[in-house]
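Report on the structure
So the chains spell out like this:
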Number of protein chains: 2
Amino acid sequence: MLKALAANIEAWLTESRTRILTAMQTPVSVATKTGRNDLVTNVDADNQAFLVGKIRTAYPQAKIEAEEGTAAKVTDLDGLVFFVDPIDGTMNFVKQRANFAVMIGVYQDGAPLYGAIMDVMRNELVTGGPSLPPALNGQPVSLPLDRLLKDGLLGASGPMTIHNYLNLGDIALASSGARISGSAGMEFKAITLGQLVGYVSYLQPWDIAAGMAIGAGFGLQCSRPDGQPVDLLQAGVVVAAMPQAHAEILHRMQAK
Amino acid sequence: MLKALAANIEAWLTESRTRILTAMQTPVSVATKTGRNDLVTNVDADNQAFLVGKIRTAYPQAKIEAEEGTAAKVTDLDGLVFFVDPIDGTMNFVKQRANFAVMIGVYQDGAPLYGAIMDVMRNELVTGGPSLPPALNGQPVSLPLDRLLKDGLLGASGPMTIHNYLNLGDIALASSGARISGSAGMEFKAITLGQLVGYVSYLQPWDIAAGMAIGAGFGLQCSRPDGQPVDLLQAGVVVAAMPQAHAEILHRMQAK
C-alpha cells in the first residue's frame, strides 16, 4: 500500500507542478486572508481542487485537511488522513515566482506514513517516511548530521525571530546563522538535504505534515516548545531539528 | 572595451564554477577568520588566485581588491579597479553546498562599469552595468518594479535584523517579509530578478561591487543609512533598494 501511495503522490505532484507552471503564464489573482501578508491566489485554489479530487478518487475513505478550506475540517486523526498544502510560500509564489512548494503528508491513525515536498521551480521532489529513507527525485540522500546548534544553520520564522519570541532571536544568534526563506516546505527540504540543522516557526498542520513524515525517516525531532508532541489538529509553534540542536533549542526557549 | 571585459569575466566565472564543482568532490578544509561564523576555505583561496591571475594577465594595469587578502590593499579608486569575491556566502558553501556566489565588479575611476554574479550551484550568471541592461545567462530580464516597501520582500542581515540595529527589524516587519539568505550575491541576484525590493547589511567592498554595478542598469539605489554614497574603500552598512523602498528605509532608519 505504501509503495502505491508514494507512486500516486509523486505522479500527482508532478502533474500539479506542470499545472502551476502553466497557470503562471497568465496573470495570477491575489487576495489576502487573515492579514496583509497572508495571501491566497487562484492557483492555490485550483491546485488544491486538483489534488483533493485525486485523493478522493484514489482513497475515498480518507480524510483530507487542506489549506484553502474547501475540504471539511478534520476533527480527529483516526484512519487515513491526507494533509495538503497546494502552494506553501504563497508570498514567495506571488513576489518571487520561486521558493514555494506543493506538499502532501499522509498519516495513519495519527502516525506518519509518507511525506512529499515538491519544489516547483527547481523541479526537486523530496520524499520519505518512517520506513522510507529520504530521497531527492527518487535518489536516496545522505542522512543529515546530528550537529550541535552552534554548528548548524537554523531556519526560522521572520516575525518570531525579530520579536525574539521564545528567545528565537537569541537562539538564531547561537547557531551558525539564521536563514529565513518564507516557506516551510523550503525549510523542511533544506533540513532533509542537511543544509539546515532545524527550523522553528508557527505552523499550521499542512505546513508541517509532509516534513515531519519525511523527518521520521532520519531522526528529525518535532515538538512544541515545551517538548509536547505536535498536534496535527491545530496550529502552533513547532521546533523541528536534529536531536542535539532540538534539545538545545528547547532548553534555550525555557530560559529566563 | 566593455564588450571584451564582459566576455572575459563571463569566461572566467564559467571556468571558476567548474573548478569549484571539482574542488567540492574532495573534502574542503575550513578555517575561521574574524570569528566563529566568518569562514574561509581552501576553495576560496584557490579560486581567488585563479581569478586574480586571469585579471593580472588580461589587465596588467588594473588594481584588484579581493576578499582573501593575497592582493595588495587598494587605497584609491583611480583607474580600473576589479573587486573580487571568490566565494560569497562561505558559510552556505560549507554547510549547504548551495546558495553561494562568485562575484566580480569592475569600476573605472570610482564609477561602475560592469558586474557579474555567478550562482554556482544553479549555474545562473547575472550580469549588467550602467550601460548594459541586467541579464540572466545572457538573456535580458524584466526590469525590477519600483515597489513600495510594504509591497516587497526585503533581504536582510540576520544579526542586524535580530538586534533591530538601525531599526532593521522594524523595517523588515513593515515590508512584505524578511528574507535572510546569508549571501550578498544571492540577495543582489534576487533584487535583479525582481524577487526582493532591497537588501540591507553590513558589507565589504567585494560584497557590494558587483551588485551595485549591475543595479546601475536598472535604477537600484545604493547608499549608507544616512544617504551618503557607498565608499568602495571601506566596509559599512549598505542600503540597496529600489527608489521608493530605499527612501522609506532611510526614513525609518533615522526615526527615533
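Residues numbered from 1 in each chain as written. Chains lettered and ligands numbered in written order. Predicted model: local features only at pLDDT ≥ 70, side-chain atom pairs only at ≥ 80, totals over all residues. Heavy atoms only, no water.

A few points about the interface of chain B and chain A
- Facing 30 residues of chain B, the contacting portion of chain A comprises 30 residues.
- Across the interface of chain B and chain A, roughly 2500 Å² is buried in total on both sides, 50% from carbon and sulfur atoms.
- Scanning the region where chain B abuts chain A turns up 0 salt bridges.
- Taken together, the links from chain B to chain A amount to 21 residue pairs in polar contact (both at pLDDT 80 or more).
- Among the elements that take part in the side of chain B that touches chain A, helix H5 (residues 168-174) of chain B stands out by supplying 4 residues, more than any other.
- Taken together, the residues of the side of chain B that touches chain A break down into 11 nonpolar, 12 polar and 7 charged. (Contact = heavy atoms within 4.5 Å. Buried area = accessible area lost by both parts, 1.4 Å probe. Salt bridge = Lys/Arg side-chain N within 4 Å of Asp/Glu carboxyl O. Polar contact = N/O pair within 3.5 Å; in protein donor to acceptor, adjacent residues only side chain to side chain. Helix = DSSP H or I, 4+ residues; strand = E, 2+ residues; numbered from the N terminus. Nonpolar A, V, L, I, M, F, W, Y, C, P; charged D, E, K, R; others polar.)

Thoughts on the domain arrangement of chain A
All names here are of chain A.
- When cut into domains, chain A gives domain 1 (2-140) and domain 2 (149-253).
- Taken over C-alpha atoms, the centre of domain 1 sits 20 Å from the centre of domain 2.
- The partner domain 2 presents 25 residues to the 36 residues of domain 1 that form the contact.
- Between domain 1 and domain 2, the buried area comes to about 2200 Å², and carbon and sulfur atoms account for 71% of it. (Domains from an automatic or database assignment.)

Concerning helix H7 (residues 205-215) of chain A
- Summarising burial for H7 of chain A: 11 of the 11 residues are buried, a large majority.
- Looking only at H7 of chain A, the buried set comprises Pro-205, Trp-206, Asp-207, Ile-208, Ala-209, Ala-210, Gly-211, Met-212, Ala-213, Ile-214 and Gly-215 of chain A. (Buried < 20%, exposed > 50% of the residue type's maximum accessible area, 1.4 Å probe, protein only.)

Examining the UniProt feature "binding site: Mg(2+)" (unreviewed entry) in chain A
Residues and elements named next belong to chain A.
- The UniProt record marks Glu-67, Asp-85, Ile-87, Asp-88 and Asp-207 with the feature "binding site: Mg(2+)" (unreviewed entry), using the residue numbering of this structure. The greatest C-alpha distance among the annotated residues, which extend across 141 residues, is 9.9 Å, indicating that they converge on a single site.
- Of note, Ile-87 is situated in strand E4 (residues 80-88).
- Ile-87 sits in the buried class, given a relative accessible area of 0%. (UniProt positions renumbered as here; feature names shortened; annotations may be inferred.)

Brief notes about the packing of aromatic side chains
- Considering all chains together, one arrives at 10 aromatic pairs over all chains under this definition.
- Each ring, one from Phe-83 of chain A and one from Tyr-107 of chain A, has its centre 5.6 Å from the other, and the planes form 85 degrees; the classification is edge-to-face. Taken together, the positions of Phe-83 of chain A in strand E4 and Tyr-107 of chain A in strand E5 (residues 101-108) put the pair 24 residues apart, joining distant regions of the chain. The same class applies to Phe-83 of chain A and to Tyr-107 of chain A, which are both buried.
- Between Trp-12 of chain B and Tyr-59 of chain B the ring centres are 6.4 Å apart and the planes differ by 80 degrees, which places this aromatic pair in the edge-to-face class. Of this pair, Trp-12 of chain B sits in helix H1 (residues 2-23) while Tyr-59 of chain B sits in the loop between helix H2 (42-58) and strand E3 (63-66), and the two are 47 residues apart along the sequence. (Phe/Tyr/Trp six-rings, centres within 6.5 Å; stacked < 30°, edge-to-face > 60°.)

Things to note about unusual backbone geometry
Residue and element names in this part refer to chain B.
- Located in the positive-phi region is Asn-164, a residue other than glycine, with phi close to 50 degrees.
- Residue position: Asn-164 is located in the loop between helix H4 (158-162) and H5.
- Of the residues examined, Asn-164 reaches a relative accessible area of 28% and is grouped as partly exposed.
- For Leu-166, which is not a glycine, the phi torsion comes out positive at approximately 60 degrees.

A few points about the pairing of strand E6 (residues 111-119) of chain B
All names here are of chain B.
- Within E6, 7 of the 9 residues are buried, leaving the element largely enclosed by the surrounding structure.
- Examined bridge by bridge, strand E5 (residues 101-108) and E6 share 8 bridges and lie antiparallel to one another. Note that in E6 the partner of Tyr-107 across the bridge is Pro-112.
- If you look at the hairpin formed by E5 and E6, you'll find 2 residues sitting between the two strands, and Asp-109 has a positive phi there, around 50 degrees.
- As paired strands, E6 and strand E7 (residues 124-129) are joined by 5 bridges and run antiparallel to one another. Bridge assignment links Gly-115 to a residue of E7, and that residue is Gly-128.
- Between E6 and E7, which pair antiparallel in sequence order, lie 4 residues; one of them, Asn-123, sits at a positive phi of approximately 55 degrees. (Pairing = 2+ DSSP bridges.)

Section: the sheet that holds strand E9 (residues 139-140) of chain B
All names here are of chain B.
- On the basis of which strands lie adjacent, the open sheet formed by 7 strands has the order E3-E4-E5-E6-E7-E8-E9 and mixed pairing. Pairing within the sheet leaves two strands with one partner each, and these edge strands are E3 and E9.
- The pairing of E3 with strand E4 (residues 80-88) spans 4 bridges and is classified as parallel. Paired with Ile-64 across the bridge in E4 is Phe-82.

A word on the side chain of Ser-175 of chain B
- Here Ser-175 of chain B shows up in the loop between H5 and strand E11 (177-179).
- One polar contact links the side chain of Ser-175 of chain B to the main-chain carbonyl oxygen of Ala-172 of chain B, over a distance of 2.6 Å.
- The contact partners of Ser-175 of chain B, leaving out residues within four places of it in the chain, are Arg-36 and Asn-37 of chain A together with Leu-149, Lys-150, Gly-152 and Leu-154 of chain B.

What about the packing of helix H1 (residues 2-23) of chain A against helix H2 (residues 42-58) of chain A?
All names here are of chain A.
- Packing of H1 against H2 leaves a shortest axis separation of 10 Å and a crossing angle of 155 degrees. Between H1 and H2, the angle is such that the two are roughly antiparallel. The way H1 lies across H2 gives a crossing that is right-handed. Counted together, Asn-8, Trp-12, Leu-13, Glu-15, Ser-16, Arg-19, Ile-20 and Ala-23 of H1 and Val-43, Asp-46, Asn-47, Phe-50, Leu-51, Lys-54, Ile-55 and Ala-58 of H2 form the full contact between these two elements.
- Considering only residue class, the contact of H1 with H2 consists of 9 nonpolar, 3 polar and 4 charged. (Axes fitted to C-alpha atoms, helices over the stretch in contact; angles between N-to-C directions. Parallel < 35°, antiparallel > 145°, perpendicular 65-115°, else oblique. Left-handed = near helix turned anticlockwise from the far one by under 90°.)

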